[in-house]
Amino acid sequence: MNRLRIQDKAWTSFANNRVQKNQSAITKTLEKLSGGDKIVRASLNASGLSISESMRTQIKGLSRAQQNMQDGLSVLEVTDSGLQNVNDALHRGRELAVQAANDTLTENDRYAAQKELDQLMDSINDTANHMEFNTQKILGEVRPIYIQAGANSGQILAIDTVDVSIKALDLENANLETNSSANELIAKIDKALVFTSKKLTDVGADYNAISMHHENVGRTEESLQKSESLIRDPDMALEMMDLVKQNIVQKGDELLIQSTNRNVQSILGLFK
């Protein structure tokens, strides 16, 4: 007896398997397109995920370090401004001392000069006591300010604060009562000016060093971002092309299943 066999199962099974695999591929592609990430789950690229997460940790740390260094630069800017104010007061005080060292001054002249000198000393102390950054004194005491300048432990820069109070500058009880005391004051102010000028130089050197480090860290962060982007960011054009191709294959397989089913139904209709 001859038997009639309808060879539909193999084709249908093949097409169904392809539909399922293709649907999974379409889902993954859509996830990449919608999320903007090639590694939406660890199973897609476990090693790439590990590397990129490590890079992201470094990138975030470097970004924060740049903000830290910007704060450090702000501290130095405030320090520079304060030292300039102190220097200006010292120069004016020296000018008064030179004037008072002359015996031609009257008692009233000396009184007026002393009053202005007292005001200058008060302004120096006011700068030392009230020049702050984020509530921290930077011109009234000597201590290091540590700046976390990198993404990792131990990557630290230090800024030294300075004390420019009249006590630290040895200018307490400054007076212009006699030409002798005025001459002594000139010598003391000269020493104070040497000190503040050196501190201004130190501030400038620290500012340049931190600025250069800031730029280097910025370049490092940019380089890491590019490398991380190559691992994680999908090529939108290629992903769109894959999606189009996957949809075409999907439609083709669906048509194949539909066609096979119609053929089977047509053949079965002959036996009714």
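Here the structure is a predicted model, which means the values were calculated and not measured.

Draft legend 1. Region of the structure containing the confidence of the model for the protein chain. Of the residues in the protein chain, 66% reach a pLDDT of 70 or more, and the chain-wide mean stands at 80. This stretch, residues 1-8, has a pLDDT under 50; its non-local contacts, to residues over four places away or in other chains, come to six contacts.

Draft legend 2. Region of interest: the pattern of salt bridges. In the structure shown here, the tally under the stated rule is seven salt bridges. Of the charged contacts, one joins E141 and R143 as a salt bridge, the two residues approaching to 2.7 Å between their closest N and O atoms. Note on R143: relative accessible area 24%, which makes it partly exposed. If you follow the salt bridges from partner to partner, you end up with R92, E95 and E116 in one network.

Draft legend 3. Summary view of the side chain of T161. Here T161 shows up in the loop between β4 (156-160) and α4 (179-232). A relative accessible area of 6% means that T161 is categorised as buried. Within polar-contact distance, the side chain of T161 engages the backbone oxygen of E141 at 2.7 Å. In contact with T161, not counting residues within four places along its chain, are K137, I138, E141, V142, R143 and I145.

Draft legend 4. Structural view of unusual backbone geometry. In this structure, N134 takes a positive phi of about 55° despite not being glycine. Mapped onto the secondary structure, N134 falls in the loop between β1 (132-133) and β2 (136-137). Non-glycine residue D170 carries a positive phi angle of around 60°. You can call D170 partly exposed: its relative accessible area is 48%.

Draft legend 5. Molecular detail of the environment of T178. Position of T178 among the secondary structure elements: in the loop between β4 and α4. Assessed through its relative accessible area of 38%, T178 is described here as partly exposed. Placed 68 residues apart in sequence, T178 and R110 show a C-alpha to C-alpha distance of 8.4 Å. Not counting the four nearest positions on each side in its chain, T178 is found in contact with A100 and R110.

What counts and what doesn't
- Residues numbered from 1 in each chain as written.
- Predicted model: local features only at pLDDT ≥ 70, side-chain atom pairs only at ≥ 80, totals over all residues.
- Heavy atoms only, no water.
- pLDDT = per-residue confidence, 0-100.
- Contact = heavy atoms within 4.5 Å.
- Salt bridge = Lys/Arg side-chain N within 4 Å of Asp/Glu carboxyl O.
- Buried < 20%, exposed > 50% of the residue type's maximum accessible area, 1.4 Å probe, protein only.
- Helix = DSSP H or I, 4+ residues; strand = E, 2+ residues; numbered from the N terminus.
- Polar contact = N/O pair within 3.5 Å; in protein donor to acceptor, adjacent residues only side chain to side chain.

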